[in-house]
Amino acid sequence: AAEVDLRVLVVDSSKLTAKSSSVEDVRRRGSALIASLKERHLELPDVLVLNKVDVVRKDMLLPVIGELHRLFSEAR
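A brief look at the structure comes next.

Quick notes on the rules
Residues numbered from 1 in each chain as written. Predicted model: local features only at pLDDT ≥ 70, side-chain atom pairs only at ≥ 80, totals over all residues. Heavy atoms only, no water. Helix = DSSP H or I, 4+ residues; strand = E, 2+ residues; numbered from the N terminus. Buried < 20%, exposed > 50% of the residue type's maximum accessible area, 1.4 Å probe, protein only. Salt bridge = Lys/Arg side-chain N within 4 Å of Asp/Glu carboxyl O.

**Here's the deal with unusual backbone geometry**
(1) Moving on: Positive phi, close to 60°, is recorded for H41, a residue that is not glycine.
(2) Moving on: Secondary-structure assignment places H41 in the loop between α2 (23-39) and β2 (47-51).
(3) Moving on: Residue class for H41 comes out exposed when judged on its relative accessible area of 73%.
(4) Moving on: Phi at K52 is positive, roughly 60°, even though this residue is not glycine.

**A look at the pattern of salt bridges**
(1) Moving on: Under the criterion given, the structure shown has nine salt bridges.
(2) Moving on: Two residues, K52 and D12, come together in a salt bridge whose shortest N-O distance is 3.4 Å. Note that K52 is positioned in the loop between β2 and α3 (58-75) and D12 in strand β1 (residues 8-12), a separation of 40 residues in sequence.
(3) Moving on: With relative accessibility at 40%, the residue K52 sits in the partly exposed group.
(4) Moving on: Residues R27 and E67 are paired through a salt bridge, measuring 2.8 Å at the closest nitrogen-oxygen approach. With R27 in helix α2 and E67 in helix α3, this residue pair connects regions lying 40 residues apart in the sequence.

Listed below in structure tokens is the structure:
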């Protein structure tokens, strides 16, 4: 892993927004994801990919992307 050019983390966006329409819930889940990565001594990814965006309510997608961008930027 030391010689890789890029780290990619693929996240199921439907799980981030499951049973939620609140950015606060996304913030909580995103923060838990970052904590889990740090707990395992894994570096944060260079690229975060949201999978299954076709099953997420469209009015939630942009706030989710924005919140995850903010969380991951602050965590670096």
